Amino acid sequence: MHQKLRNCKGCGKLFMSRGVPFCVDCLDKQAEDEKRIIQYVSDNPLCTIIEIVNALGINENIVRRLIEEGRLIQAGIDYKYPCSKCGEPIASGQYCDKCAKKLREEIRDEQRRRAERDPMGLRYRQLSATAREKN
């Protein structure tokens, strides 16, 4: 596998990367933090994310990423946290199914509106302009 010299996304030190943005030390720390979070949530199943952060001193973004990636589910823990949009309890991801569906529909509707306003598309106009410049 191709290796390249880069700065660790966690601590900033230089290391030989194999496609992972973290050095071995940071990966080890992340694995240890994950074990601590899983143990804490197992012992305190009704805890909030803020309680996990305060009890363990682990960055909130790390805790949220671990939960959103479904790592607690993989560890056999049924942990729920609020959907980022409506607050409905969810077990993984950022949005509940209802909000994710609504967001997808809103994106699709916006894409349709843009296509209706610009049926030929920007690419067509660019090609036409290039053709006119050549003549």
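Right above here is the structure, for reference.
### So, the overall build of the protein chain
Counting secondary structure elements, the protein chain contains six helices and four strands. Taken from the N to the C terminus, the helices and strands of the protein chain come in the order β-β-α-α-α-α-β-β-α-α. By residue count, 24% of the 135 residues in the protein chain fall in the buried class. Total accessible area computed for the protein chain in this model is approximately 10,100 Å², and 51% of it derives from carbon and sulfur atoms.

### Quick look at the environment of Pro21
Checked against the element boundaries, Pro21 lands in the loop between strand S2 (14-17) and helix H1 (24-43). Note on Pro21: relative accessible area 25%, which makes it partly exposed. Along the sequence, Pro21 and Asn7 sit 14 residues apart, while their C-alpha atoms lie 7.8 Å from each other. Beyond its immediate chain neighbours, meaning those up to four positions away, Pro21 contacts Arg6, Asn7, Cys8, Lys9 and Phe15.

### Here's the deal with the packing of H1 against helix H2 (residues 49-56)
The interhelical angle for the contact between H1 and H2, taken along N-to-C directions, is 120 degrees, at an axis separation of 11 Å. By the angle between their directions, the pair H1 and H2 is classed as oblique. Crossing handedness for the pair H1 and H2: right-handed. Contact residues: H1 offers Arg36, Ile37, Tyr40 and Val41, while H2 offers Glu51, Ile52, Ala55 and Leu56. Classifying every residue of the contact of H1 with H2 gives six nonpolar, no polar and two charged.

### A look at a nonpolar patch on the surface
On the surface, a cluster of nonpolar side chains totalling about 320 Å² of accessible area is made up of Leu5, Leu14 and Met16. Looking at the element boundaries, Leu5 is found in strand S1 (residues 4-7).

### Looking at the side chain of Ser17
Looking at where Ser17 falls in the secondary structure, it is placed in strand S2. A distance of 2.9 Å separates a polar side-chain atom of Ser17 from the backbone oxygen of Val20.

### Topic: the state of the cysteines
This structure, assessed with the given rule, holds zero disulfides. Free cysteine: Cys83, not disulfide-bonded; nearest cysteine sulfur from Cys86 at 3.9 Å. Note on Cys83: relative accessible area 5%, which makes it buried.

### A word on the nonpolar core
Counting residues in each nonpolar core, the largest one holds 21 residues, and the members touching the most others are Ile37, Val41, Ile52, Val63, Leu72 and Tyr79. Only H1, H2 and helix H3 (60-68) provide two or more residues apiece to this core.

Conventions used here
Residues numbered from 1 in each chain as written. Predicted model: local features only at pLDDT ≥ 70, side-chain atom pairs only at ≥ 80, totals over all residues. Heavy atoms only, no water. Helix = DSSP H or I, 4+ residues; strand = E, 2+ residues; numbered from the N terminus. Buried < 20%, exposed > 50% of the residue type's maximum accessible area, 1.4 Å probe, protein only. Areas by Shrake-Rupley, 256 points an atom, 1.4 Å probe, with all protein chains shown as cover. Contact = heavy atoms within 4.5 Å. Axes fitted to C-alpha atoms, helices over the stretch in contact; angles between N-to-C directions. Parallel < 35°, antiparallel > 145°, perpendicular 65-115°, else oblique. Left-handed = near helix turned anticlockwise from the far one by under 90°. Nonpolar A, V, L, I, M, F, W, Y, C, P; charged D, E, K, R; others polar. Patch = residues over 30% accessible without salt bridge, like charges linked within 9 Å, V, L, I, M, F, W, Y side chains within 5 Å. Salt bridge = Lys/Arg side-chain N within 4 Å of Asp/Glu carboxyl O. Polar contact = N/O pair within 3.5 Å; in protein donor to acceptor, adjacent residues only side chain to side chain. Disulfide = S-S within 2.5 Å. Core = buried A, V, L, I, M, F, W, Y, C linked by side-chain atoms within 4.5 Å.

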